[in-house]
Amino acid sequence: MKKLICSIFFAFAAGYLFAQPTTISRDWKFKTGDSIEWALPNYKDSHWDNLNAGLWWAHAGYDYSGFAWYRKKIVISSKLKPAVKKAGYLKLSLGQIQDVDQTFLNGKLIGQTGSLSPFDGKWGQPRNYFVKEKQIKWDAENIIAVRVYGPNRNGGMHTGPYTYEPYRIAFRDYVKVLDSRIQPVETNNIDGYKFTISFYNSGNKDYKGELLFQVTDSSKAILQSQKQVVMIHKNADSSNIFSFLFDKPLPEIYHISTVFTESKTKGHLAKEITVSSLTDVHLPVFARPSVVVENKIMDVFIPTPFESQKIGGLLGERLEINLNKRLLEVDEMEILAGYQNRPGKQNWVGEHVGKYLDAASNTWRYSHDSRLKNQMDRILTILLNTQKDDGYLGTYTPEQFWTNWDVWSHKYNMVGLLAYYKSTGYAPALEAAERIGDLLCRTFGENLGQLDIVTSGTHVGMASTSVLDPIVDLYKYSGNKKYLDFAHYIISSYDHPDGPGIIKSLLENGHVNQVANGKAYELLSNLVGIIKLYKVTGEEELYKAVKIAWNDIVENRLYITGTASSYELFRPNQVLPAGAEDHMGEGCVTTTWFQLNYQLFTLSGELKYFEQLEKTAYNHLTGAENPMSGCVSYYTPLQDKKPYSCEITCCLSSIPRGISMIPLINYGKHSGIPTLLLPETEIIVDTVISRTNQIIPLKISAESSFPDSGRMVYTISPEHTATFPISIRVPSWTTQFTATIETVEYKGLPGNFLTIERNWNPGDKLKVEFDIPTVIIPGGKSYPDRIALKRGPQVLALDQSLNPSIYPDSLVMRITDKTGLTLFHSVKSLPGNWVGKQSYSLMTKDKRGKSKEIILVPFSDASQTGADSEVWLKEY
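Quick caveat, the model's predicted, so the values are computed rather than measured.

**Student:** Is there a simple way to think about the nonpolar core in this case?
**Tutor:** As a rule of thumb, nonpolar side chains are buried together in soluble globular proteins. Counting residues in each nonpolar core, the largest one holds 159 residues, and the members touching the most others are Tyr356, Phe486, Leu527, Ile530 and Tyr714. One finds Phe30, Ile110, Val131 and Val460 within the second-largest nonpolar core, a separate group that totals 30 residues.

Structure, rendered in structure tokens:
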């Protein structure tokens, strides 16, 4: 029996709406503590704090767990009164609350979720409470009071939207699809399938109606159709189970849909399943497409195509690990689960498949691995078959469309679809992205009936507005100006009343931790989109804001390993806690920081941006993916063990994307000159324009001993003898850099390019030597009594498994020679199963003057066996 891959889609019609929802502004009164008197309408709350809803308490600066209250005054216009009376209720929507809430209107309890216990909350469940017309004070102040219990510093009214609207409660508010299953059966010696659907009715009445069952192929041709009259009984599970059997030949992809139509109101409740038995899928590959719209601001650095290079050495090994131990091992069922079982079991589950397609597309272009191509083709085919006719490709059901993380999931699907298209030229991927773009343009905007993109997402709208990134790419590859117009709408939405004010805040305040709620990942995602839009339009204000953000991060909020964030936030100046308990270095932040620096480096060609790319690549990016298992750490601390996991998380999906980008920073044309950037073993195939304006095929191969030592030999092989320049980046961390060809010696200046123009002959040998000094880094504000060691671009760490007699946190040491610090290479100290070749022996003295040897390894290798590791070492 063929393996089944099911894609399940719920479609619930919303309750009867009489008007567009009215938005409740996010400014509330707030107080920690607990008193039932705070629910009373005449209670005076003027001395309470002002706090914007849409933030966890930790994001808003409250290091607090326990009870807290929110209060809000709203005036409800009597113009809504007839609609509320006709509908029966006013629905008050308060988004998601962590962890438990009791909600009062004018002193009366109107609903609660959870049992006020730290273990019994339902924070992911949207709070929708219903009030009758007589409970409302029309054209007067109504007091909403929300009592919240939040454990672990993460309580709060953390996710909108916040609205009210007339609402008619219908059977859909009580009847839900409880479960659905498809299983193979054999009838009359014929292989078939049995589909079972069960409903749960939480109401106090039975609902009779017609249940339509239909099987269609991918072209929507009907293969089988049945109807039956059913009764969905109140407060019952077992009697609400219905089954259908089908035993006709079926294609490799087909859809099963069931629609229950309630007899009295004709309201619908539907469920759709997409079933796939695909194994081998080989989609065609066409010429790599070019952009339709060129940038107004042209990039200074153009990377060589993925397929024109092969990287060896340390980073080459990590590219292979990313392919074989992460991407090829991805759980296909899991990353498609949100589309296979709508609604997804997690609000942002829809992001994973798009992130996978992005990483896989880059990696396939680099490796041309046939296994990966088959896998990504299969995943893409199934994903495309779950897209709705209107372009919707999210994991939500209709009553939750465009709330929470719905736009975010569409963002990453566009990212993945466009990456696949750019890698293969496969037009259906671009067309699917365009259908998403068209849907977003219809749904969001300033026109009557359109939604506000800011209030349709989380983190003060920064999650939803980050769709700017792929929207700009979609404009460039489609040429459709409406996507550029939509990008400008997003920029203007930043300044909506409840918007994040990204550009305005950066220009006025200059600090990323003061933008919206300081959420690092979502802000960086927007900055990537902003810089892309600048390249397209040349609007200087966009570039200025991004540079301000970059400077602030580098000066105040960047860890020495090339990442940022603690508890997923940009923290105050120089506050950089690095333990596992600090939730530092979110993997999504690491990757998005890498993406931002890539955009800035290609735009400007400035090496200060490349130095950040190098720092991240050699440390936190590769350090977040276990080289033994391919598992990824959500947070990757500098102190304690790295909590690697192979479960699907946002960061497990993000880190492979960052690693897949490494070939983009290896080699390319800087101001038209062939430029070598990374000191790795490599093979490059390119062309060069000679001084006589001939286009000449060029091959460059490099043999490198880095990072063991700074010796490299480049073999420069133009097709025939010609004069042209070649540039080599001279790292800022080296102090001596010399390039020699034949008897001519060239000196490089650290932090600059060394450009050699000569008459190159096929097979010329260019020998390069540079030192790799080790430096001591003081611990700063967060670790004033500690130091770290960095050798070249690599931060070093003490791994407990390699130092069994030393407990890192209790180590107190003194380095005997700080001016001429020498580390001695010692491969013998590494276990046989250890991935990586570097280890260093350092002699220190303890407080009693006794000599002590410690073994250090690169941070990117540390903790791979599950041991504790330390970057910040105690010093006396």
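Having seen it, we continue.
**Student:** So what exactly am I meant to see when it comes to the sheet that holds strand β23 (residues 309-311) here?
**Tutor:** Whether parallel or antiparallel, the strands of a sheet pair through hydrogen bonds between backbone atoms. Judged by pairing direction, the sheet is antiparallel, and its seven strands sit side by side in the order β23-β28-β29-β30-β35-β32-β33 without closing on themselves. Of all the strands in the sheet, the pair left with one neighbour each is β23 and β33 (744-747). Neighbour to neighbour, the strand axes of the sheet diverge by 25 degrees on average, direction disregarded. The pairing of strand β29 (residues 695-704) with strand β30 (residues 711-718) spans seven bridges and is classified as antiparallel.

**Student:** Would you mind going over the state of the cysteines with me for this structure?
**Tutor:** Here a disulfide denotes a covalent bond joining the sulfur atom of one cysteine to the sulfur atom of another. All chains considered together, the criterion is met by one disulfide. The side chain of Cys631 participates in a disulfide bridge whose partner is Cys646; the two sulfur atoms lie 1.8 Å from each other. A torsion of -85 degrees about the S-S bond marks the disulfide between Cys631 and Cys646 as left-handed. Taken as a pair, Cys631 in the loop between α16 (607-623) and β24 (632-633) and Cys646 in the loop between β25 (644-645) and α17 (650-660) lie far apart in primary sequence, 15 residues in all.

**Student:** Hey, could you run me through the sheet that holds strand β12 (residues 141-150) in this one?
**Tutor:** Pairing in this open sheet of six strands is antiparallel, and the strands run β5-β4-β6-β12-β9-β10 from one edge to the other. Sheet topology places β5 (49-52) and β10 (108-113) at the edges, where each strand pairs with a single neighbour. Sheet twist, expressed as the average angle between the axes of neighbouring strands with direction ignored, equals 30 degrees. Taken together, the four bridges between strand β4 (residues 27-32) and strand β6 (residues 66-75) define a ladder with antiparallel strand orientation. Among the inter-strand pairings, Phe30 is bridged to a residue of β6, identified as Tyr70.

**Student:** What exactly am I supposed to notice about the packing of aromatic side chains here?
**Tutor:** The full count for this structure, using the stated rule, is 45 aromatic pairs. Taking the centre distance of 5.8 Å and the plane angle of 55 degrees together, the rings of Tyr43 and Trp48 count as tilted. Through a chain of ring-to-ring contacts, the aromatic side chains of Trp28, Phe30, Trp57, Tyr62, Tyr64 and Tyr70 assemble into a single cluster. Over the ring of Tyr89 we find Lys132, and its NZ or CZ is 4.6 Å from the ring centre. A cation over a ring is seen here: Lys642 above Phe859, with NZ or CZ 4.1 Å from the ring centre.

**Student:** Looking at this structure, how should I read the side chain of Ser308?
**Tutor:** Relative to the helices and strands, Ser308 is located in the loop between β22 (301-303) and β23. For Ser308, a relative accessible area of 18% translates into the label buried. Ignoring anything within four residues of it in the chain, the contact list for Ser308 reads Ile683, Ile684 and Val685.

Quick notes on the rules
Residues numbered from 1 in each chain as written. Predicted model: local features only at pLDDT ≥ 70, side-chain atom pairs only at ≥ 80, totals over all residues. Heavy atoms only, no water. Core = buried A, V, L, I, M, F, W, Y, C linked by side-chain atoms within 4.5 Å. Buried < 20%, exposed > 50% of the residue type's maximum accessible area, 1.4 Å probe, protein only. Pairing = 2+ DSSP bridges. Helix = DSSP H or I, 4+ residues; strand = E, 2+ residues; numbered from the N terminus. Axes fitted to C-alpha atoms, helices over the stretch in contact; angles between N-to-C directions. Disulfide = S-S within 2.5 Å. Phe/Tyr/Trp six-rings, centres within 6.5 Å; stacked < 30°, edge-to-face > 60°. Lys NZ or Arg CZ within 6 Å of the ring centre and 35° of its normal. Contact = heavy atoms within 4.5 Å.

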